[in-house]
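Spelled out, the chains give:
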Amino acid sequence: MSNATDRRPRKGFTLSDAAREFIRHPSPWMISALLLSAAVARVMAGDWQVTDAVVPVVMVALFPFLEWVIHVCVLHWRPRRVGRLVVDPLLARKHREHHVDPRDIPAIFIPWPALLWVLPVAVAVALLAFPRLAMGLTFLVCLAVLGICYEWCHYLIHSDYKPRTAVYRAIWRNHRQHHFKNEHYWFTVTSTGTADRLLGTYPDPAGVQTSPTARNLHAELPS
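Along each chain, the written sequence defines residue order, and numbers are assigned to residues from 1. A pLDDT threshold of at least 70 governs which residues receive local features in this predicted model, and a stricter bar of 80 or more applies before side-chain atom pairs are shown or counted, although totals over entire chains, interfaces and linings include all residues. With hydrogens and water stripped out, all remaining heavy atoms of the structure feed into the side-chain values.

The name recorded for the protein chain in an unreviewed UniProt entry is Sterol desaturase family protein, from [Mycobacterium] manitobense.

Written as structure tokens, this is what we have:
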């Protein structure tokens, strides 16, 4: 992990610059490979039904809550000792590194070793958990699209690209408050005020104290 003091914000950083950086990392390629494979399989399967239109609507509605649950329960997992074993998953360790230096570009992305098991699990769910193969493939296509959107949005927020629209500015501000204001709030990434509002983690920033552990999760504070 590189030192944050070695990097300075780049002026005039464009979406094209961001895209060139984005494709240099493995997770977008891995998720894109799943998306392409799932899309081809979905077209070949045929069997188009109304439920294939319902699946993406439901997934988009639930995605902010999935982000929230993963962020709170997995990424902010506090290491626990079970006997002599310390339970501290890779995703949690990498996320703590991400909080230490939010400008460290490689640490922004989903770790590729985690995707080596996450993506096969997603395929297994698609093949086994749905009443029709075609419906499961629709789910897989939608999941891959949401995954790419998540990676792009999360990367863009932490890049030197500045918000140009009101919608993106709100999303940008929401996630950066989580990193630079208080790590106990604002857990959604690709939306703002959705799951956080309903689950009680979307306070007025003016009433929230700046956390001394936002850059060092689970650190013990001096008494």
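What follows deals with the confidence of the model for the protein chain. Residue-level pLDDT values for the protein chain average 93, and 94% of them are 70 or greater. The secondary structure element of the protein chain with the lowest average pLDDT is strand S1 (residues 80–82), at 90, and the one with the highest is helix H2 (residues 26–45), at 98. Scored from 0 to 100, pLDDT reflects the predictor's confidence in each residue. What makes two residues a contact is simply this: any of their non-hydrogen atoms within 4.5 Å. Low pLDDT, under 50, characterises residues 1–6; the stretch is placed with 9 contacts to residues that sit more than four places away or in other chains. Counting from the N terminus, the helices are DSSP H or I runs at least four residues long and the strands are E runs at least two residues long.

This next bit is on the packing of aromatic side chains. Side-chain rings of Phe, Tyr and Trp (the six-membered ring for Trp) are treated as a pair once their centres are within 6.5 Å; stacked means planes under 30 degrees apart, edge-to-face means over 60, and tilted covers the remaining angles. A complete count under the given rule lists 9 aromatic pairs for this structure. For the ring pair Phe-22 and Phe-109, a centre distance of 5.7 Å and an interplane angle of 45° mean the geometry is tilted. Pair noted here: Phe-22 is in helix H1 (residues 15–22) and Phe-109 is in the loop between helix H4 (90–100) and helix H5 (112–128), with a separation of 87 residues, a long-range link. Considered together, Phe-22 and Phe-109 belong to a single accessibility category, that of buried residues. Here the term buried applies to any residue with accessible area under 20% of the maximum for its type, exposed to any over 50%, and partly exposed to those in between, with areas from a 1.4 Å probe on protein chains only.

What follows is about the UniProt feature "transmembrane region" (unreviewed entry) in the protein chain. This chain's UniProt record puts "transmembrane region" (unreviewed entry) on residues 55–75, 105–130 and 136–157. Summarising residues 55–75: 100% helix, 0% strand, and an end-to-end C-alpha distance of 26 Å. With 65% helix and 0% strand, residues 105–130 has its two end C-alpha atoms placed 37 Å apart. UniProt positions are given in the numbering used here, feature names are shortened, and annotations may be inferred rather than shown by experiment.

With that out of the way, let us pick up the side chain of Arg-96. With respect to the element layout, Arg-96 can be found in helix H4. Taking relative accessible area as the criterion, Arg-96 reaches 18% and is therefore assigned buried. At 2.6 Å, the side chain of Arg-96 and the side chain of Asp-88 are in polar contact. Dropping the residues within four chain positions of it, Arg-96 is found in contact with Trp-77, Pro-79, Asp-88, Leu-217 and His-218. Pairs of N or O atoms are called polar contacts if they sit within 3.5 Å, as long as, within protein, a hydrogen donor faces a hydrogen acceptor (for residues adjacent in sequence, only side-chain-to-side-chain pairs).

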